[in-house]
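Residue-level listing of the chains:
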Amino acid sequence: MTGAVVLGAAAWLNHEPDTPAQGLRALSRREAELIRALAPVILAGMIPTDATARQTALNEVVEAFDRGLAGMSLAVQGEVKQLLGLLTFAPSRALVAGVWTSWPEASESEVAAFLMKWQSSRFVLLRAGYQAMKQLMQACWFGNPLAWPAMGYALPDRAREFL
Amino acid sequence: MSKLPDPIRLGLDRGWTVQDGAKLKADLSLEADIVIVGTGAGGGTAADILSAAGLKVIMIEEGPLKSSSDFRMLERDAYPQLYQESAGRQTQDKAITILQGRSVGGSTTVNWTSSFRTPAATLKHWQDQWGLREYSQESMAPWFARMEERLSIAPWPVPPNENNDILRRGCEALKIPAAAIQRNVKGCWNLGYCGVGCPTNAKQSMLVTTVPAALDRGATLLHRTRVDTLRFAHDKAVSLEAVALDEAGIRPTGVKVKVRARHFVLAGGAINTPGLLLRSKAPDPHATLGKRTFLHPVNVTAALMNSKVEGYNGAPQTIYSDHFLDTLPLDGPIGYKLEAPPVHPILAGITLQGFGEEHSTWMRRLPHLQVVIALLRDGFHPHSIGGAVSLRKDGSPVLDYAISDYVWDGMRRAFFTMAEIQFAAGAKVVMPMHEKGKPMKSWAEAKQHIADLPMKPLECRVVSAHVMGGCGMGVDEKRSVVRGDGRHHQLENVWIFDGSAFPTSIGANPQLSIYGMVARNATRLAEALVSQKKPMVG
Ligand SMILES: Cc1cc2nc3c(=O)[nH]c(=O)nc-3n(C[C@H](O)[C@H](O)[C@H](O)COP(=O)(O)OP(=O)(O)OC[C@H]3O[C@@H](n4cnc5c(N)ncnc54)[C@H](O)[C@@H]3O)c2cc1C
Ligand code: SF4
């Protein structure tokens, strides 16, 4: 219930113009920054550590998130946008996520603490928010062939006969 | 692009009457004997039978027409293109993720080919509790046989992949009966990518069987076209209104399609079919519409094996056990069916709990992962009433499904069973898919840990690929939405020919139950219409 009130308030307070960032279809600049801050923590151990490869991976995750969001039904897009709004609006980010700096400035341990707080929150709504961010991010990276070597996965050789 | 022949592209070249909604420039007004909403298990079967009877059929499908040339074995392409809500459909509280198809062929285009007749206990329950006397095993047998032949459903002669064989070996070690699953395939390459669209056309889905057959007989198909409402006059539907969708399949383009027909077959699948009737404000005098929607809620355990499993390679589901259905009475504690799922990167990644290191220690060993699922038989007990469909502000349907303590109890028992089987098959570590689930190193440790797990929504991972009910059949119109022959109780020319007509869940993967029921009901409808037509002609 509290969660619902907070979400509602955040949606109401969140006046930031919602135009997609340059080169993106659905994510605003601040939302893209949020994804970029969460991705290294959620995907730790799965994205490359080498600096250049890591940048490429993070870019691809942001692009995939954007593509994925733009491809969702309008109702679900609206819900995800509401969640992103809650997390990027400074007062609710501080109060509900417990992160007091902007996302690009947040340390990995602050991000992890936020995720753990929501993961086992007694509010269903915050647990749902954690699941949404975690699963969307994981789907964005694990579907990418660049992610496959780290998990030892590959398409079967026989696929070459017809693909 | 796939180098194998693509029966859909060949059919289009032969001149099928197929219209892509995204390409429609102006409003369209059509007429037919029968209009069918949805082209999945129910819609495809109905189109085949009704067109074969010489009736003029129009099929309308919300999703796109995609075929083997488009199927590139990639989850990231398939989920947004071929699934409802990008494979991210969820119950209202987000606690259950629901997989349902959304392209020509419906869920059969992406399903895993497991084929079971409706279990005897389920049919008996329908006869006894729902007054569906005609649904006896004997009277249904010929319909199942007919569809088994139509869709090449047969025992699968190839040995199971390791993921399924571990389930078999674990059951064997514990003396739990397990058996092989029949599949609807012809010349299957044993690849394991059925869930992202079969690239070889081996899977005998509606996309490559019944829908092409109907098109060859002159039926019309409109895709990327969503039926918005039915219009009624007195006790009949007179027309339906649909909206053309853009290339991405999301936004209406503004172009409208109107269809007048003698009969309306609704086959949008559970959740969507009740949603359409709710949007249309169909008569619902006893407030039964959309209620009793069932999911076969699934919980999951993963195991780490010493040798490679590669659960992404090979036919996805080939072994099952009904032991925990057969040994539990329908009015007792909830029973569950045991199976193995395909283990592809996205599906496995989002199902495994946690994030960061905790999560990636498992992900990095994907080839060694073995996964078992338990499908709970919901809808047979007073404490399992399923969920209810309602409409969001924009008119799209959403399912509210509260998991009762009765159902949670079954999930906990299933966790025990699955862990015990995996250890018996030699697992080093087993983990329940639950945000508080920990890696367990022995069956003794598992017994303690699983007993302590809090069974709560959005902590315990719960998924479903089998949505059923919401327009349930029954003789008593106070408790049901349609009659045993699929006709709406209050609307004399509206027929529900899909999984939403089931009064309970099935207790087995539902496709063959839908094929059999619809083959029977569509055949009856065809016979009635053809005999009506004759006097007019003669
Ligand atoms: C990943 C997955 C794996 C599965 N594996 C198996 C299996 O191995 N064995 C088994 O027996 N079952 C399996 N199933 C379930 C089985 O495929 C479904 O139960 C069955 O296909 C349902 O048939 P249906 O006719 O009710 O609906 P569907 O087959 O889902 O078809 C409904 C169609 O109607 C369309 N539609 C909906 N609303 C509208 C509208 N308003 N306007 C126009 N079109 C609309 C949808 O886009 C969809 O294409 C699986 C399902 C999934 C998703
Ligand atoms: S396993 Fe067989 S049916 Fe499934 S995708 Fe591969 S070839 Fe097609």
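Since this is a predicted model, take the numbers as computed values, not measurements.

## Comments concerning the domain arrangement of chain B
All names here are of chain B.
Step number 1: The domains assigned to chain B are domain 1 (7-155 + 192-288 + 470-531) and domain 2 (162-186 + 294-464).
Step number 2: When each unit is reduced to the centre of its C-alpha atoms, the spacing between domain 1 and domain 2 is 28 Å.
Step number 3: Contacts between the two partners involve 50 residues from domain 1 and, on the opposite side, 47 residues from domain 2.
Step number 4: A combined buried area of about 4200 Å² lies between domain 1 and domain 2, and 59% of that area is made up of carbon and sulfur atoms.

## Quick look at helix 6 (residues 108-119) of chain A
Residue and element names in this part refer to chain A.
Step number 1: Taking 1.5 Å per residue, 12 residues should reach 16 Å; helix 6 reaches 16 Å between its end C-alpha atoms and fits that length.
Step number 2: Taken together, the buried positions of helix 6 are occupied by V111, A112, F114, L115, W118 and Q119. Within helix 6, the buried residues cover an arc of 160 degrees as seen down the axis, which keeps them to one side.
Step number 3: In the core, the buried residues of helix 6 are packed alongside helix 2 (29-42), helix 4 (74-88), helix 5 (90-97) and helix 7 (124-142).

## A short note on the layout of surface pockets
Residues and elements named next belong to chain B.
Step number 1: Considered as a void within the structure, the second largest pocket measures approximately 260 Å³ in volume.
Step number 2: What lines the second largest pocket is a set of 20 residues, among which R117, P119, A120, D322 and A508 lie closest to the centre.
Step number 3: Residues that form the lining of the second largest pocket fall into these classes: 11 nonpolar, three polar and six charged.
Step number 4: A domain split of the lining of the second largest pocket shows at least three residues from each of domain 1 (7-155 + 192-288 + 470-531) and domain 2 (162-186 + 294-464).

## A short note on the confidence of the model for chain B
Step number 1: Of all residues in chain B, 99% attain a pLDDT of 70 or more, and the chain-wide mean is 97.
Step number 2: Two numbers describe this predicted complex: its pTM, 0.97, and its ipTM, 0.93.

## A look at the side chain of B:R183
All names here are of chain B.
Step number 1: Residue position: R183 is located in strand 9 (residues 182-184).
Step number 2: Buried charge without a salt bridge: R183, with E339 as the nearest opposite-charge side chain at an N-O distance of 11 Å.
Step number 3: At 2.8 Å, the side chain of R183 and the side chain of T113 are in polar contact.
Step number 4: Beyond its immediate stretch of four places on either side in the chain, R183 contacts T113, S115, S152, I153, A154, W156, C188, C194, A315, P316, Q317 and T318.

## With respect to the nonpolar core
Step number 1: Core analysis: the biggest nonpolar cluster contains 175 residues, and A:W103, A:M133, A:M137, B:L50 and B:L240 have the highest contact counts within it.
Step number 2: At 10 residues, helix 14 (residues 511-537) of chain B tops the list of elements feeding residues into this core.
Step number 3: When residues of this core are sorted by domain, at least three fall in each of domain 1 (7-155 + 192-288 + 470-531) and domain 2 (162-186 + 294-464) of chain B.
Step number 4: Not counting residues up to four positions away in its chain, the partners in contact with A:M133 are A:L34, A:I35, A:L38, A:I42, A:F65, A:L83, A:L84 and A:L87.
Step number 5: Among the nonpolar cores identified, the runner-up in size contains 48 residues, and B:A303, B:L338, B:A425 and B:M440 belong to it.

Rules of the game
Once a new chain begins, its residue numbering starts again from 1 and follows that chain's sequence as written. Chains and ligands are labelled by the order in which they are written, letters from A for the one and numbers from 1 for the other. Per-residue local features are limited, in this predicted model, to residues with pLDDT of at least 70; the limit for side-chain atom pairs, both in listing and counting, is 80 or more; totals at the level of whole chains, interfaces and linings are taken over all residues. Note that the side-chain values use all heavy atoms of the structure and ignore hydrogens as well as water. Domain delimitation follows an automatic or database domain assignment. Only heavy atoms matter for contacts: two residues are in contact if any of them lie within 4.5 Å across the pair. Accessible area that two parts lose when put together, with a 1.4 Å probe and added across both, is what the buried area reports. Each helix corresponds to a stretch of at least 4 residues labelled H or I by DSSP, and each strand to a stretch of at least 2 residues labelled E; elements are numbered beginning at the N terminus. Every helix has an expected span of 1.5 Å times one less than the residues it contains. Buried, partly exposed and exposed residues are distinguished by accessible area as a fraction of the type maximum, computed with a 1.4 Å probe on protein chains only: under 20%, between the cut-offs, and over 50%, respectively. Comment: arc refers to directions from the helix axis out to C-beta atoms. Residues are said to line a cavity or pocket when one of their atoms sits within 4 Å of a point; the points come from a 1 Å grid over protein atoms alone, cavities being sets where a 1.4 Å probe fits but cannot get out and pockets being open sets with protein on both sides within 12 Å along at least five of seven lines. Grid points are joined across faces, edges and corners, and a volume is the space filled by probe spheres set on the points. Amino acids outside the nonpolar list (Ala, Val, Leu, Ile, Met, Phe, Trp, Tyr, Cys, Pro) and the charged list (Asp, Glu, Lys, Arg) are all regarded as polar, and Gly is one of them. One confidence number per residue, pLDDT, is output by the predictor and ranges from 0 to 100. In this count, Lys and Arg are taken as positive residues and Asp and Glu as negative ones, while His and the chain termini are left out. Each salt bridge in this description consists of a side-chain nitrogen of Lys or Arg and a carboxyl oxygen of Asp or Glu lying within 4 Å of one another. As used in this structure description, the phrase polar contact means that two N or O atoms lie within 3.5 Å; if the pair is within protein, one of them must be able to donate a hydrogen and the other to accept it, and residues adjacent in sequence are counted only when both atoms belong to side chains. For our purposes a nonpolar core is just a set of buried Ala, Val, Leu, Ile, Met, Phe, Trp, Tyr and Cys residues, chained together by side-chain atoms within 4.5 Å.

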